[in-house]
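Residue-level structure breakdown
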Amino acid sequence: MSPEAAGDDRPRSLHDYMAAANAAYYGSRDPLGTQGDFITAPEISQMFGELLGLWFADLALRADAGEAVAYVELGPGRGTLAADALRAMAKAGLTPPVHFVETSPVLRETQRKAVPQAVWHGDLSSLPTDRPLIVIANEFFDALPIRQYERTAHGWRERMVAGTPLRLVPGEADCTDAIPIQLADAPLGAIVERNPASEGVMAALSARIATQGGALLVLDYGYEGPATGDTLQAMKDHRYADPLAEPGTCDLTAHVDFAMLAAIARANGLRPAPCVGQGAFLTGLGIDARAAALVRTNPERADEVAQARARLVAPEAMGTLFKVLAVRHADWPQPAGFA
Ligand code: SAH
């Protein structure tokens, strides 16, 4: 987004604002890591990607699809998760073809260095149609643009971005039809979020998995809706920032409604496993044993490994706010980690 666009006082939906700001943001930089604006689980420790790789291999082998299955990742960032996962999988004898769905040219370049054999896609439509897909999406859905609706004295209105400086104001049109029925009587001032892009991605992937076989693993911060609340946030230099100041220069995210994603999968004939926290999931996959093994071979890294493990699983860190959803083809076995 150009700096002038920040001063544009024509109202547009928060959705259009967030889509344009994030496209500009991700399209122009590598935002991850200590030099960037935020850090993600795979950038905290190799243990994260390795455990997901073993999760993948275990599921593919138990489904008897080890030869056929493709590794698909949505928004792979620096390619770190995929590189760690593929290394762990190779030790289990699995070397699937790799498909990345990524829009950012800058991040594609970084991913190419980490996983040179990957095939890149701008959207889901060109993913292979001839084999089962196991799809991983870590902190992907949270970057997709939301719509926000506000209960005003005149009824439900979509929130628009307008003015100088930019601020959120209710639009003119009545939006009652967009509100889940359970929330229609929410109190004055209540905010409801919808994420049409996430709903579209989930529907398209679910249809693919229902036809081709496979599973989808979603890890992100979120809740099980329907619920009210404003979850829009901006991160810059590892701090919260004002989402409306300097559009395109910070990472805009919103919490993911896992119940909505599971409902779409179910409507397409897939089986969702009940959502678990990231801490319980990684513990179930054996993060403690992996951490102990890493320390045995690298005793000098004991503190670093212990800190990384705690960040990934502790309830006050990423252990409970981050949730994990797995959905699978009805004939596929239950994935590991969902007790
Ligand atoms: N999964 C990575 C990166 C998370 S950041 C990790 O955990 O480290 C979000 C990622 O999604 C980035 O790679 C970003 O470029 C990508 N992304 C954002 N919007 C996208 C879209 N609409 N389509 C495809 N990729 C997108």
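Quick look at the structure, then. (Residues numbered from 1 in each chain as written. Predicted model: local features only at pLDDT ≥ 70, side-chain atom pairs only at ≥ 80, totals over all residues. Heavy atoms only, no water.)

1. Considering the site of the ligand
The criterion, for reference: Put simply, a residue is near a molecule or strand once any heavy atom of it comes within 4 Å of that molecule or strand. The protein chains shown are the only cover counted for residues, whose accessible areas, like all others here, come from Shrake-Rupley with a 1.4 Å probe. For this scheme, ten residues count as nonpolar: Ala, Val, Leu, Ile, Met, Phe, Trp, Tyr, Cys and Pro. Four count as charged, namely Asp, Glu, Lys and Arg, and the remainder, Gly too, count as polar.
If you check the shell around the ligand, you find 16 residues, and the closest are Thr40, Gly75, Gly77, Glu102 and Asn138. Relative to its unbound accessible area of 570 Å², the ligand is 90% covered by the protein chains. Residues that form the shell around the ligand fall into these classes: 8 nonpolar, 6 polar and 2 charged.

2. Points about helix H5 (residues 80-91)
Stated precisely, the cut-off is as follows: Only DSSP runs of H or I reaching four residues or more are called helices, and only runs of E reaching two or more are called strands; each is numbered from the N terminus. The length a helix should cover is 1.5 Å for every residue beyond the first. Think of it in three bands: residues with accessible area under 20% of the maximum for their type are buried, residues over 50% are exposed, and the middle band is partly exposed, with areas taken using a 1.4 Å probe on protein chains only. Between two residues, a contact is recorded if the distance between any of their heavy atoms is within 4.5 Å.
Taking 1.5 Å as the rise per residue, H5 with 12 residues should run 16 Å; its terminal C-alpha atoms sit 17 Å apart, in good agreement. For H5, the full list of buried residues reads Leu81, Ala82, Asp84, Ala85, Leu86, Ala88 and Met89. Buried residues along H5 sit against helix H3 (41-44), helix H4 (46-62), strand S2 (70-74), strand S3 (98-101) and strand S5 (133-138). At the C-terminal side of H5, Gly93 shows a positive phi close to 85°.

3. With respect to the packing of aromatic side chains
Note the threshold: For Phe, Tyr and Trp, where Trp contributes only its six-membered ring, two rings pair if their centres lie within 6.5 Å, and the inter-plane angle classes them as stacked under 30 degrees, edge-to-face over 60, or tilted in between. Lysine and arginine charges are scored as sitting over a ring when NZ or CZ, respectively, is within 6 Å of the ring centre and within 35 degrees of the ring normal.
Evaluation of the coordinates by the stated rule reveals 6 aromatic pairs. Ring centres of Phe100 and Trp120 lie 5.8 Å apart, and the angle between their planes is 75°; this geometry places the pair in the edge-to-face category. With Phe100 in strand S3 and Trp120 in strand S4 (residues 119-121), this pair connects stretches of sequence that are 20 residues apart. What makes Trp120 buried here is its relative accessible area of 14%. Seen from their ring centres, Phe140 and Phe141 are 5.3 Å apart, and the 75° between their planes marks the pair as edge-to-face. Judged by relative accessible area, which is 0%, Phe141 ranks as buried. Its end group placed over the ring of Trp120, Arg112 keeps NZ or CZ at 4.5 Å from the ring centre.

4. A few points about the sheet that holds strand S12 (residues 239-241)
Backbone-to-backbone hydrogen bonds pair the strands of a sheet. The strands run either parallel or antiparallel. The cut-off we apply is this: Pairs of strands are assigned from DSSP output, requiring at least two bridges between the strands. Between N-to-C directions, angles span 0 to 180 degrees; the directions come from axes that are lines fitted to C-alpha atoms, helices contributing only their stretch in contact.
With antiparallel pairing, the 3 strands of this open sheet are ordered in space as S12-S11-S13. With partners counted over all chains shown, the strands left at the sheet margins are S12 and strand S13 (251-253), one partner each. Strand-to-strand twist across the sheet, computed as the mean angle between neighbouring axes with direction ignored, equals 40°.

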